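Close look at the chain arrangement
The residues making up each chain are set out below.
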Amino acid sequence: MNPTLKEPKKRFMTLKRREACLGWLFVSPALIGFSIFTFGSILYSFYLSLTNYDLISTPKWVGFDNYIRAFTKDQYFYKYFGNTLYFVVTLVPIVLALSLLLAILINKKTSWVNNIYRVALFLPSITSTVAVSMVWLWIFNPDMGLINNFLMAIGLNDVPMWLGDTAWSKPALVIMRVWQMGGYYMIMFLAGLQTIPETLYEAAELDGASGIQKFFRITLPLLSNTTFVVMILLVIEAFNMFESIFIMTAGGPLGSTSTMMYYIYEQAFSSYNMGYASALAWIFFALIMVVSLIQYKFRNEQGGE
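Report follows, based on the coordinates. Note that the structure is predicted; figures quoted are calculated from it, not measured.

Conventions used here
Residues numbered from 1 in each chain as written. Predicted model: local features only at pLDDT ≥ 70, side-chain atom pairs only at ≥ 80, totals over all residues. Heavy atoms only, no water. Patch = residues over 30% accessible without salt bridge, like charges linked within 9 Å, V, L, I, M, F, W, Y side chains within 5 Å. Areas by Shrake-Rupley, 256 points an atom, 1.4 Å probe, with all protein chains shown as cover. Salt bridge = Lys/Arg side-chain N within 4 Å of Asp/Glu carboxyl O. Helix = DSSP H or I, 4+ residues; strand = E, 2+ residues; numbered from the N terminus. Buried < 20%, exposed > 50% of the residue type's maximum accessible area, 1.4 Å probe, protein only. Core = buried A, V, L, I, M, F, W, Y, C linked by side-chain atoms within 4.5 Å. Contact = heavy atoms within 4.5 Å. Axes fitted to C-alpha atoms, helices over the stretch in contact; angles between N-to-C directions. Parallel < 35°, antiparallel > 145°, perpendicular 65-115°, else oblique. Left-handed = near helix turned anticlockwise from the far one by under 90°. Phe/Tyr/Trp six-rings, centres within 6.5 Å; stacked < 30°, edge-to-face > 60°. Lys NZ or Arg CZ within 6 Å of the ring centre and 35° of its normal.

A short note on a nonpolar patch on the surface
On the surface, Leu22, Trp24, Leu25, Phe26, Val27 and Leu31 cluster together into a nonpolar patch covering about 670 Å² of accessible area. Tracing the backbone through its elements, the reader meets Trp24 in helix α1 (residues 3–49). Assessed through its relative accessible area of 59%, Trp24 is described here as exposed.

Right, dumping it as structure tokens:
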């Protein structure tokens, strides 16, 4: 090869290596921080799940005893696991349907009225869950709450106790979370709706398609990718309910609203069973992972991209 051609190539490779080193230099603080404080903590939590640790004494190795205890000896594990599934099964379909409905209703030409509705519906999702929970504590108050005052004003005297009743506590939390979460996923569906060409609806109208037919033959199929993402996020969010329960019910009454996340918190920071709490966290992680993989597999079988 001509020596005059080697020199530019050598300079180019040197410049490329310098750029690569500079890039790694800029991302290294984030990588180091992630390795130490996130990935390292994850590995350490798995080690703790194999020990008996109370934050004071030295961790004592117990192997898989914590995992065995969760499945065979813990009387609360399956109860709180059932509460968690209740929130998943109720929240996901309700929020999914409501957010899609809201997105369709405001999917019109941009106007100041539509913008006001969008902001009003989206605002609860960016408001602190603690603040929202405090407001809903007053709304659900059995004596002075807004809902019960309205029910009594229209002639209903046997009003629910809401958060103080084991039968109504979980539905009350579902109502609060639907109100808070609906606007966020509405925006996602709205973005998906605005990518659907209007020409498809115009062609369907010329063929005499009704509004319901256009919804099921055009809107839903073309929103399949958005719907899949929303379902994944909703399932994860429903599994991870904690702040609202911590503020509004503290797991009560009689453990009717305690979820796996709240149980992990109680074991770790109330009972100081760090080893057992870590084991519960890993079981919970495995559960969410399995559910997500099932959703991905179902999506692939349906022909999703």
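So much for the structure itself; the text now carries on.
Brief notes about the nonpolar core
Within the largest apolar cluster, 61 residues are counted, with the highest numbers of intra-cluster contacts made by Leu91, Phe140, Leu234 and Leu280. When residues no more than four places from it in sequence are discounted, the contact partners of Leu91 are Leu96, Val174, Arg177, Val178, Ala238 and Met241.

Observations concerning the packing of helix α5 (residues 129–139) against helix α7 (residues 169–193)
Packing of α5 against α7 brings their axes to within 11 Å, and their N-to-C directions diverge by 135°. Judged by the inter-axis angle, α5 sits oblique to α7. Helix-helix and strand crossings are classified by hand; for α5 and α7 the assignment is right-handed. Contact residues: Thr129, Val132, Ser133 and Trp136 in α5; Ile175, Met176, Arg177, Trp179 and Gln180 in α7.

Regarding unusual backbone geometry
Geometrically, the link from Gly252 to Pro253 is a cis peptide bond, its omega value of -5° lying close to zero. Positionally, Pro253 belongs in the loop between α11 (243–248) and α12 (260–269). Positive phi is not limited to glycine here, since Trp162 has a value of about 55°. In this fold, Trp162 is placed in the loop between α6 (146–153) and α7.

A look at the packing of aromatic side chains
The tally for this structure, following the rule as stated, stands at 25 aromatic pairs. Ring plane angle 35° and centroid distance 5.8 Å describe the contact between Tyr44 and Tyr47, whose orientation is recorded as tilted. Residue Tyr44 and its partner Tyr47 are both found in helix α1; the two are separated by three residues, about one turn of the helix. Accessibility expressed as a relative area gives 43% for Tyr44, which makes it partly exposed. Where Tyr262 meets Tyr265, the ring centres are 5.8 Å apart and the plane angle is 40°; that geometry is what we call tilted. Of this pair, Tyr262 and Tyr265 both sit in helix α12, three residues apart, roughly one helical turn. Using a relative accessible area of 25% as the deciding quantity, one classes Tyr265 as partly exposed. An aromatic cluster is present here, built from Trp136, Phe140, Trp162, Trp168 and Trp179 joined pairwise through their rings. Positioned over the ring face of Tyr276 is Arg69, at 3.8 Å from the centre of the ring.

Examining the pattern of salt bridges
Within this structure, the stated rule accounts for two salt bridges. With a closest N to O distance of 3.0 Å, Arg177 and Glu237 form a salt bridge. Of the two residues, Arg177 is situated in helix α7 and Glu237 in helix α10 (residues 224–239); the sequence distance between them amounts to 60 residues. Here Lys214 makes a salt bridge to Glu205, at a shortest N to O gap of 3.0 Å. Residue class for Lys214 comes out buried when judged on its relative accessible area of 15%.

Some words on the environment of Leu101
Structurally, the position occupied by Leu101 is in helix α3 (residues 77–105). Measuring from C-alpha to C-alpha, the distance between Leu101 and Asn52 comes to 49 Å, with 49 residues separating the pair along the chain.

Function cannot be inferred from these measures alone, as they are strictly geometric.
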